[in-house]
Amino acid sequence: MRALQVRRNVAKLGIARIASAVSPTMAAKMGPLDLRTIDDPSCPGGVNAMGWHQVKTRLAGICGSDISLVEGHASTYFEDWVSFPFVPGHEVVGELESGQRVILEPVLGHAARGLPLPFEGASPADGDDYAHLAKSSNGGALEVGIQTGFCCSTGGGWAPWFWAHESQLHHIDDSMPDERAVLVEPLAGGIHAALLSRPSLAGIENPVVAVLGAGTMGLAAIAGLKRYVPEARIVVGARYPHQQAFAKALGADVVVPDSQLQSAVRRQVGGMVVGGQLTSGAHVTIDAVGSNSSVVDALAMTKPRGRVVLLGMPADITLDLTGLWHRETELKGAYTYGTETLADGRVAKTFDLAVDTANHFQAERLLSATYPLADHVDAIAHAATAGRRGAVKIAFDLRTGDS
């Protein structure tokens with residue numbers, strides 16, 4: 001089949017990193033991603049393996065982590081958590097051979113690897129030991145890979161079809177359009193980050209949660225806060241006018257340009273500015289950017305003994321952690337999703353909450369453009385510059401069968 005594939009090539013990664021500073025288009029052309037004819041992936045575990053399904057791709061989103069990889073900025077941390085060559089694409093709505101449409105939950109968890117679940121009813125990303133992700137399992141048939149889209153055994157959504165385990169698949173009905181369904185995976189990540197704010201808000205009257213950045217993940221966090229942390233006053237810093245408009249439409253209470261977010265938080269909570277940091281601040285700040293400067297800003301606008309939730313994926317950053325130490329700030333990572341505990345004590349799967357949220361907000365409004373695989377250079381360049389081009393989510397469309 002014809003698919004987009006990433007091969008381990010240090011030279012191309014280095015060239016892409018340099019080229020990305022000049023042009024995202026140049027980085028996509030010169031980087032490690034190529035459209036090529038590849039062998040069809042074999043069913044993990046063999047032809048008689050239980051629980052594995054061929055999934056025909058309908059829409060597959062382009063994530064910030066995908067762009068980071070194509071542009072050569074991905075952290076070397078992940079080299080031991082992926083297996084080359086791999087087909088990217090983990091934000092996927094697809095179709096089974098029966099015609100049933102499904103949304104992919106991409107983490108290759110315990111069930112996919114034939115291992116006992118960490119607890120009854122666990123989601124793929126649950127558990128506090130990642131050993132199963134860093135070694136092959138099922139008799140060596142499933143290679144290393146944290147998710148579909150980073151594992152050479154399964155394929156990924158940037159191809160006509162791929163393999164997925166039944167534990168990863170969520171059936172959807174005819175009322176949910178593909179354009180909405182493809183936003184469920186990023187929404188799940190944002191909802192998980194929103195719910196990670198809850199422990200720091202307990203018992204606080206009129207708590208303030210700041211959201212730094214309003215790209216796809218920032219908007220997903222806002223939606224999650226509005227639906228599942230309704231007591232929070234949501235203060236958002238968004239760079240572009242269309243992002244500000246979406247943040248307001250999703251229910252943010254205060255929306256300002258990103259450069260004015262600290263001032264907006266100060267107006268909400270009071271306090272002084274000392275050495276660039278608020279003496280008080282937001283009870284929780286969700287950093288949906290993940291850059292060196294955004295982490296610095298998030299720590300500076302979070303109150304002492306507050307929490308910073310790192311939703312945006314960082315790479316190499318340099319931080320003076322004296323303020324974190326002095327203010328006893330908690331820095332909390334927010335990776336993927338799993339099983340959540342809601343305010344009323346109910347337990348729910350993040351993906352189920354994300355489907356509900358996607359339907360409630362009609363999330364297809366966040367899908368700005370789609371491309372065939374053959375136009376991948378233009379698609380990735382569009383995704384890399386989405387903010388300044390007035391876009392949010394860019395996806396590949398494989399429904400016509402044309403690559």
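Thresholds, definitions, all that
Residues numbered from 1 in each chain as written. Predicted model: local features only at pLDDT ≥ 70, side-chain atom pairs only at ≥ 80, totals over all residues. Heavy atoms only, no water. Helix = DSSP H or I, 4+ residues; strand = E, 2+ residues; numbered from the N terminus. Rg over C-alpha atoms; globule rule 2.2 N^0.38 Å. Buried < 20%, exposed > 50% of the residue type's maximum accessible area, 1.4 Å probe, protein only. Contact = heavy atoms within 4.5 Å. Areas by Shrake-Rupley, 256 points an atom, 1.4 Å probe, with all protein chains shown as cover. Core = buried A, V, L, I, M, F, W, Y, C linked by side-chain atoms within 4.5 Å. Arc of directions from axis to C-beta. Axes fitted to C-alpha atoms, helices over the stretch in contact; angles between N-to-C directions. Parallel < 35°, antiparallel > 145°, perpendicular 65-115°, else oblique. Nonpolar A, V, L, I, M, F, W, Y, C, P; charged D, E, K, R; others polar. Salt bridge = Lys/Arg side-chain N within 4 Å of Asp/Glu carboxyl O. Pairing = 2+ DSSP bridges. Right-handed = clockwise from strand over helix to strand, strands pointing away.

Right, let's talk about the overall build of the protein for a bit. The secondary structure content of the protein amounts to 12 helices and 19 strands. What you see for the protein is a C-alpha radius of gyration of 21 Å, in line with the 22 Å of a compact globule of 403 residues. For the protein, the spread of C-alpha atoms along the three principal axes comes to 65 × 50 × 40 Å. For the protein, buried positions account for 55% of its 403 residues. Considering only contacts in the protein between residues 6 or more positions apart, those separated by 24 or more positions represent 72%. With an accessible surface of roughly 16,800 Å², the protein has 50% of that area assigned to carbon and sulfur atoms.

The next subject is unusual backbone geometry. Look at the link from Phe84 to Pro85: it is a cis peptide, with omega at -15 degrees. Assignment of secondary structure puts Pro85 in the loop between helix 3 (64-70) and strand 4 (92-95). At Asn206, a residue that is not glycine, the phi angle is positive and equals roughly 55 degrees. On the secondary structure map, Asn206 appears in the loop between helix 5 (184-195) and strand 8 (208-212). Notably, Gln362 is not glycine yet its phi reads approximately 50 degrees, a positive angle. Mapped onto the elements of the fold, Gln362 is located in the loop between helix 11 (350-361) and strand 18 (367-371). For Gln362, a relative accessible area of 46% puts it in the partly exposed group.

The next thing to look at is the side chain of Ser197. By the element assignment, Ser197 lies in the loop between helix 5 and strand 8. A residue is classified by how much of its surface remains accessible, and Ser197, at 0% relative accessible area, is buried. Ser197 has contacts with Leu225, Val229 and Val284, leaving out every residue within four places of it along the chain.

Now for the nonpolar core. Judged by nonpolar contacts, the single largest core of 58 residues is most densely connected at Leu187, Leu219, Ile222, Leu225, Val236 and Ile286. At the level of elements, helix 5, strand 8, helix 6 (216-228), strand 9 (233-238), helix 7 (241-249), strand 13 (282-287) and helix 11 are the ones that each hand at least two residues to this core. Counting residues in hydrophobic clusters, the runner-up holds 49 residues, among them Met1, Ile38, Leu69 and Cys151.

For helix 8 (residues 261-269), the set of buried residues is Leu261, Ala264 and Val265. Burial along helix 8 is one-sided: seen end-on, the buried residues are contained in an arc of 100 degrees. Those residues of helix 8 that are buried are in contact with strand 8, strand 9, strand 10 (254-257), strand 12 (277-278) and strand 13. Looking one or two residues past helix 8, Gly270 carries a phi angle of roughly 80 degrees, positive in sign.

At a minimum axis distance of 11 Å, the contact between helix 6 and helix 11 shows a crossing angle of 95 degrees. The angle between helix 6 and helix 11 falls in the class roughly perpendicular. Here Ala223, Lys226, Arg227 and Tyr228 of helix 6 lie close against helix 11, whose contacting residues are Leu353, Asp356, Thr357, His360 and Phe361. Of the residues assigned to the contact of helix 6 with helix 11, the class counts are 4 nonpolar, 2 polar and 3 charged.

Attention shifts here to the pattern of salt bridges. For the structure on display, the rule yields 17 salt bridges. Taking the shortest distance from any N to any O, the salt bridge between Arg58 and Glu95 comes out at 2.9 Å. With Arg58 in strand 3 (residues 52-61) and Glu95 in strand 4, the pair connects residues that are 37 residues apart, well separated along the chain. Using a relative accessible area of 21% as the deciding quantity, one classes Glu95 as partly exposed. Members of the salt-bridge network, linked through shared partners, are Arg58, Glu95, Arg101, Asp178, Glu179, Asp397 and Arg399.

Before going further, it helps to spend a moment on the pairing of strand 14 (residues 302-310). Regular strands place their side chains on alternate faces of the sheet. Where strand 13 meets strand 14, 5 bridges bridge the pair, whose relative direction is parallel. When the sheet's bridge partners are listed, Ile286 is paired in strand 14 with Val309. The parallel pair strand 13 and strand 14, bridged by helix 9 (residues 292-300), forms a crossover whose chirality is right-handed. The sheet contact formed by strand 14 and strand 15 (residues 330-333) spans 4 bridges and is parallel. From the neighbouring strand, Val309 faces strand 15, where its bridge partner is Lys332.

A word on the sheet that holds strand 9. Taken in spatial order, the 6 strands line up as 10-9-8-13-14-15 in an open sheet, and their pairing is parallel. A single partner strand is all that each edge strand has here, and the edge strands are strand 10 and strand 15. Taking each pair of neighbouring strands and ignoring which way they run, the sheet shows an average axis angle of 20 degrees. Two elements, strand 9 and strand 10, share 4 bridges in a ladder whose sense is parallel. Looking across to strand 10, one finds that Gly237 is bridged to Val256. Of the strands in this sheet, strand 9 and strand 10 are in contact with helix 7, which crosses strand 10 at around 170 degrees.

Everything listed here is a matter of coordinates, which is why it stays silent on function.
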